[in-house]
Amino acid sequence: RKEVEQDPGPFNVPEGATVAFNCTYSNSASQSFFWYRQDCRKEPKLLMSVYSSGNEDGRFTAQLNRASQYISLLIRDSKLSDSATYLCVVTPDSGTYKYIFGTGTRLKVLA
Amino acid sequence: DVKVTQSSRYLVKRTGEKVFLECVQDMDHENMFWYRQDPGLGLRLIYFSYDVKMKEKGDIPEGYSVSREKKERFSLILESASTNQTSMYLCAWGLGPADTQYFGPGTRLTVL
C-alpha cells in the first residue's frame, strides 16, 4: 500500500460546480498535512495547511479525518482558473524534514 | 516573500556528462531540499540540508551528490548523467521539521 494515495482523475467539472478530493495516508502517526496546487510544467505551490479542526480559505475547505486516515479538499463555485493538479502532502512525524507526496489529482474545470 | 531561483529552466545534457543544478534562496533559511518529479511517481526527495556543509540522504540519493558551501546556495550534482535521470528537478526551502516547504521554479533536465 502506498504511503499517500490520491485518485489521479481527471475530475472534469463545469464552472460553478462543487468538487471534492480525498487523500488517504497509511501512517497513523502522521503529523502535518498540506494541499499543494501544481499547474502544468510549474512548481507546486502551497494551497493550504490542514488542521485537525479543519481549515477554510475562501472557496476552499480542507479537513482531516484521523480516525479514517484521510484528508479532503472541497472546492466550491469552481473557476476555470482552478484547473490544476492538487497534491496531497503528509509528514510522518513531528521531527522530520521528510514530506511524502501523493501523485496528485487532476482537476479540469470546463466552461 | 522568500525567493528561490534555480539556475536553468531547461537543460539538455549527454550521457556521462557531469551536471550541476544550482538553487539559491534570498533569505537566511537553513533547510533546503532537492526533489525530482516523474509522472506517476510524484515528488521524491533526493537530498536535503539543514545547515552549511550538512546534508542528509533522501529516498533516492543514488547517482547524485550535493554541495552546501554557503547557506543561500544548495547544489545538486549528477556525477555521470544517465538517461534515467531525465526528470523535473525541484529545489525547496522550509522553516523547520514538518513545516511548510516552498519550491523554486524547477529545472527540466533531459539526458540524451
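Basis of the calculations
- Residues numbered from 1 in each chain as written.
- Chains lettered and ligands numbered in written order.
- Predicted model: local features only at pLDDT ≥ 70, side-chain atom pairs only at ≥ 80, totals over all residues.
- Heavy atoms only, no water.
- 1 Å grid on protein atoms, 1.4 Å probe; cavity = no way out; pocket = protein on both sides within 12 Å on 5 of 7 lines; lining within 4 Å.
- Points joined across faces, edges and corners; volume = space filled by probe spheres on them.
- Nonpolar A, V, L, I, M, F, W, Y, C, P; charged D, E, K, R; others polar.
- Core = buried A, V, L, I, M, F, W, Y, C linked by side-chain atoms within 4.5 Å.
- Buried < 20%, exposed > 50% of the residue type's maximum accessible area, 1.4 Å probe, protein only.
- Helix = DSSP H or I, 4+ residues; strand = E, 2+ residues; numbered from the N terminus.
- Contact = heavy atoms within 4.5 Å.
- Buried area = accessible area lost by both parts, 1.4 Å probe.
- Salt bridge = Lys/Arg side-chain N within 4 Å of Asp/Glu carboxyl O.
- Polar contact = N/O pair within 3.5 Å; in protein donor to acceptor, adjacent residues only side chain to side chain.

**Student:** Which residues make up empty space enclosed by the protein, and what values do they have?
**Tutor:** In total, this model carries one cavity of 30 Å³ or more according to the counting rule given. Of the pockets and cavities examined, the largest cavity occupies roughly 50 Å³. As for the largest cavity, its lining consists of A:Arg41, B:Arg9, B:Tyr10, B:Met88, B:Pro105, B:Gly106, B:Thr107 and B:Arg108. Broken down by class, the residue content of the lining of the largest cavity amounts to three nonpolar, two polar and three charged.

**Student:** Run through the nonpolar core, naming residues and quoting values.
**Tutor:** Taken as a class, soluble globular proteins show a tendency for nonpolar side chains to be buried jointly. Formed by 24 residues in total, the largest nonpolar core has its most connected members in A:Phe21, A:Trp35, A:Ile71, A:Leu73, A:Ile75, A:Tyr86 and A:Leu107. Those elements that provide at least two residues to this core are strand S3 (19-25), strand S4 (32-38), strand S5 (44-50), strand S7 (60-65), strand S8 (70-75), strand S9 (84-91) and strand S11 (105-110) of chain A. Counting residues in hydrophobic clusters, the runner-up holds 21 residues, among them B:Cys23, B:Tyr64, B:Leu76 and B:Leu109.

**Student:** Could you give me a rundown of the interface of chain B and chain A, with the residues and numbers involved?
**Tutor:** How big an interface is tends to be reported as the loss of accessible area on association of its parts. If you look at the interface, chain B gives 26 residues, while chain A gives 23 residues. Together, the buried faces of chain B and chain A total about 1,900 Å²; carbon and sulfur atoms form 58% of this surface. If you sort the residues of chain B by the area they bury against chain A, B:Pro97, B:Ala98 and B:Phe103 come out on top, with a joint share of 27%. Counting every contact that joins chain B to chain A gives one salt bridge. Here B:Asp59 ties to A:Lys98 by a salt bridge, and the two come within 3.0 Å at their closest N and O atoms. Counting every contact that joins chain B to chain A gives five residue pairs in polar contact (both at pLDDT 80 or more). For the side of chain B that touches chain A, the elements supplying multiple residues, two or more each, are strand S4 (31-38), strand S5 (42-51), strand S9 (87-94) and strand S10 (101-103) of chain B. Considering only residue class, the side of chain B that touches chain A consists of 14 nonpolar, eight polar and four charged.

Such coordinate-based values are descriptive only and should not be taken to indicate function.
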